[in-house]
Amino acid sequence: MLEVIKQPWPWYVAGPMIGLTVPALLILGNKHFGISANLRHVCASCFPGNVPFFQYDYKREIWNLFFVAGIVLGGALAAYFLVNPAPIQIDPRLAQELATYGINDFSGMVPTQLYSWDSLLTARGLIMMVGGGFLVGFGSRYAGGCTSGHSIMGLSALQWPSLVATCCFIAGGFLMANFILPIILNN
């Protein structure tokens, strides 16, 4: 059984499992799924002030914080107990393209030439990690939710704003991967 858990699950198993969280949450308590709203809940509980955005009954959404804690705990347990010692397998064409940018260490989950403390102190690292983090945070706030909230919960509830947001997420990812990222990696 442990060997089955260690392997990547096919889309036709993992997808429905993720998708079934939506009706389960709606049936069990009319709860809405989303990850980015948790930052608001944490700020409302830890920094109560006179900011109108943080003045609401965050205790009604405390279950969501347990959900995120479960994600973090599950990730930590998986990284410790379910680690696959084999190197990450990527398409040879992608490896060849990344090698032109000086990225060739695929021993971990992410290339160390991009994601390490040393690379953080470079212009490329600052743009990708700090700038990217800011844009993701700003975008999820501006769109009224993150990809999990819109693409999983919103689309299943047939919400038009979630369809628009999801299409923008996909278009933004395409533009970033094909046009902006090569410019950043060339520097």
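- Recorded under Subcellular location (unreviewed entry), the UniProt text for the protein chain is reproduced unchanged: "Cell inner membrane".

**Overview of the side chain of S140**
Next, step 1: Mapped onto the fold, S140 is located in helix α8 (residues 123-142).
Next, step 2: A distance of 3.1 Å separates a polar side-chain atom of S140 from the backbone oxygen of G137.
Next, step 3: Excluding anything up to four places from it in sequence, S140 contacts S36, G145 and C146.

**Considerations on the packing of aromatic side chains**
Next, step 1: What the rule picks out here adds up to seven aromatic pairs.
Next, step 2: Ring plane angle 90° and centroid distance 4.7 Å describe the contact between Y80 and F81, whose orientation is recorded as edge-to-face.
Next, step 3: By relative accessible area, which is 52% here, F81 ends up exposed.
Next, step 4: Through a chain of ring-to-ring contacts, three or more aromatic side chains come together here, namely F134, F138 and Y142.
Next, step 5: Directly above the aromatic system of F53 lies the positively charged group of R40, at a separation of 4.2 Å from the ring centroid.

**Side note on helix α10 (residues 160-186)**
Next, step 1: For α10, built from 27 residues, the straight-helix expectation of 39 Å at 1.5 Å per residue is met to within 8% by its first-to-last C-alpha distance of 38 Å.
Next, step 2: Inspection of α10 places S162, A165, T166, P182, I184 and L185 among the buried residues, and these make up the whole buried set.
Next, step 3: At its buried positions, α10 is contacted by α8 and α9 (147-156).

**Quick notes on the UniProt feature "transmembrane region" (unreviewed entry) in the protein chain**
Next, step 1: Those residues carrying the UniProt feature "transmembrane region" (unreviewed entry) are residues 12-30, 62-83, 121-143 and 163-185 in this numbering.
Next, step 2: With 87% helix and 0% strand, residues 121-143 has end C-alpha atoms that lie 30 Å from one another.
Next, step 3: End C-alpha to end C-alpha, residues 163-185 measures 31 Å, and it is 100% helix and 0% strand.

**A word on the domain arrangement of the protein chain**
Next, step 1: Taken as a whole, the protein chain is organised into domain 1 (1-83) and domain 2 (114-186).
Next, step 2: A separation of 19 Å is found between the C-alpha centroids of domain 1 and domain 2.
Next, step 3: With 10 residues of domain 1 in contact, the opposing surface of domain 2 contributes nine residues.
Next, step 4: Interface area, domain 1 with domain 2, both sides summed: about 760 Å², of which 75% is carbon and sulfur.
Next, step 5: In terms of surface lost to domain 2, no three residues of domain 1 exceed V22, F33 and S36, which account for 57% of the buried area on that side.

**Considerations on the nonpolar core**
Next, step 1: Judged by nonpolar contacts, L98, Y101, I103, F106, L114, M128, I184 and L185 together constitute the single largest core of eight residues.
Next, step 2: If sequence neighbours within four positions are ignored, Y101 has contacts with R124, P182, L185 and N186.
Next, step 3: V22, L25, W63 and M153 belong to the second-largest nonpolar core, a separate cluster that totals five residues.

**Focus on a nonpolar patch on the surface**
Next, step 1: A cluster of nonpolar side chains, M1, L2, V4, I5, W9, W11, Y12, V13 and M17, forms an exposed patch at the surface whose accessible area comes to about 1,100 Å².
Next, step 2: Going through the elements one at a time, α1 (2-6) and α2 (11-19) are the ones with two or more residues in the nonpolar patch.
Next, step 3: Tallying contributions element by element places α2 first for the nonpolar patch, with four residues.
Next, step 4: Along the chain, M17 turns up in helix α2.
Next, step 5: Using a relative accessible area of 46% as the deciding quantity, one classes M17 as partly exposed.

Parameters and conventions
- Residues numbered from 1 in each chain as written.
- Predicted model: local features only at pLDDT ≥ 70, side-chain atom pairs only at ≥ 80, totals over all residues.
- Heavy atoms only, no water.
- UniProt positions renumbered as here; feature names shortened; annotations may be inferred.
- Helix = DSSP H or I, 4+ residues; strand = E, 2+ residues; numbered from the N terminus.
- Polar contact = N/O pair within 3.5 Å; in protein donor to acceptor, adjacent residues only side chain to side chain.
- Contact = heavy atoms within 4.5 Å.
- Phe/Tyr/Trp six-rings, centres within 6.5 Å; stacked < 30°, edge-to-face > 60°.
- Buried < 20%, exposed > 50% of the residue type's maximum accessible area, 1.4 Å probe, protein only.
- Lys NZ or Arg CZ within 6 Å of the ring centre and 35° of its normal.
- Expected span 1.5 Å × (residues − 1).
- Domains from an automatic or database assignment.
- Buried area = accessible area lost by both parts, 1.4 Å probe.
- Core = buried A, V, L, I, M, F, W, Y, C linked by side-chain atoms within 4.5 Å.
- Patch = residues over 30% accessible without salt bridge, like charges linked within 9 Å, V, L, I, M, F, W, Y side chains within 5 Å.
- Areas by Shrake-Rupley, 256 points an atom, 1.4 Å probe, with all protein chains shown as cover.
- Salt bridge = Lys/Arg side-chain N within 4 Å of Asp/Glu carboxyl O.

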